Amino acid sequence: MNDMKMRHDCALWVNRVVLSSFMVITLNACGGDNLKDLKTYVAEVKARPKRGIKALPEIQAVQPFIFNPEGLRDPFRPSVRQAPQTIKVSNGIRPDFVRHREQLEAFSLDDLRLVGTVDMSKKLWGLIRAGDGTIHRVRTGNYMGKNHGKILRVLIDKVELVEIVEDGSQSWRERSASIALAE
């Protein structure tokens, strides 16, 4: 037992000596010539000539603007589009420029795909995938396509619509179109 205590005390003494030696070496390394480069650089920076600070730009007075909304369109109401004045309406067919345009009217018919149908409340709805990948639900009476296309019928395998297009003589005519079910 006594021998064990002596070994333990000896081990503690060796650990203290090694730790003390390590600390002395570490502290000596920090205080040596390793900081010479840093001190030289700091002295060089301090010796550089001082530069002046640029003057702040002159502040210009802002002219006040008084907003007068009288006579302007209310931004919270739908805009009303006027029919172009240069187009003759000789046959009575023309698009409704006043109605609010629907989301699928931003895409051409080539960018729209019928991907399925849904029977809800005894009415058949078409599922149309737009060019941006979103799927829209449509039914008879909805509009789609860039040529004022109005849906006439939604069938299981296709959506039939009529478009109103401008012909070469600056008048409008109806054109039948359909979008078949994509496989």
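All of these numbers come straight from a predicted model, not from anything done at the bench.

Trainee: If you had to explain unusual backbone geometry to someone new, which residues and values would you point to?
Mentor: If you check the backbone angles, Lys122 has positive phi at about 65° while not being a glycine. Inspection of the secondary structure assignment puts Lys122 in the loop between strand S1 (113-120) and strand S2 (123-129). The phi dihedral of His148 falls on the positive side, at around 55°, and the residue is not glycine. Mapped onto the elements of the fold, His148 is located in the loop between strand S4 (143-144) and strand S5 (149-154). Classification of His148 by relative accessible area gives buried; the value is 12%.

Trainee: Outline the sheet that holds strand S3 (residues 135-138), supporting the account with residue identities and numerical values.
Mentor: Hydrogen bonding along the main chain pairs the strands of a sheet, whether they run parallel or antiparallel. With respect to topology, three strands assemble into an open sheet ordered S1-S2-S3, the strand pairing being antiparallel. A single partner strand is all that each edge strand has here, and the edge strands are S1 and S3. Mean inter-strand twist for the sheet, computed between neighbouring axes without regard to direction, equals 25°. The sheet contact formed by S1 and S2 spans seven bridges and is antiparallel. Within the sheet, the bridge partner assigned to Asp119 lies in S2 and is Leu124.

Trainee: Lay out the nonpolar core in plain terms, naming residues and giving numbers.
Mentor: In terms of nonpolar packing, the biggest core is built from 15 residues, with Leu104, Leu109, Leu112, Ile128, Met144 and Val159 touching the most fellow members. Secondary structure elements with two or more residues in this core: S5, strand S6 (158-166) and strand S7 (172-180). When sequence neighbours within four positions are dropped, the list of residues in contact with Leu104 reads Leu112, Ile128, Ala130, His136, Val138, Tyr143, Met144 and Gly145.

Scoring rules and cut-offs
Residues numbered from 1 in each chain as written. Predicted model: local features only at pLDDT ≥ 70, side-chain atom pairs only at ≥ 80, totals over all residues. Heavy atoms only, no water. Helix = DSSP H or I, 4+ residues; strand = E, 2+ residues; numbered from the N terminus. Buried < 20%, exposed > 50% of the residue type's maximum accessible area, 1.4 Å probe, protein only. Pairing = 2+ DSSP bridges. Axes fitted to C-alpha atoms, helices over the stretch in contact; angles between N-to-C directions. Core = buried A, V, L, I, M, F, W, Y, C linked by side-chain atoms within 4.5 Å. Contact = heavy atoms within 4.5 Å.

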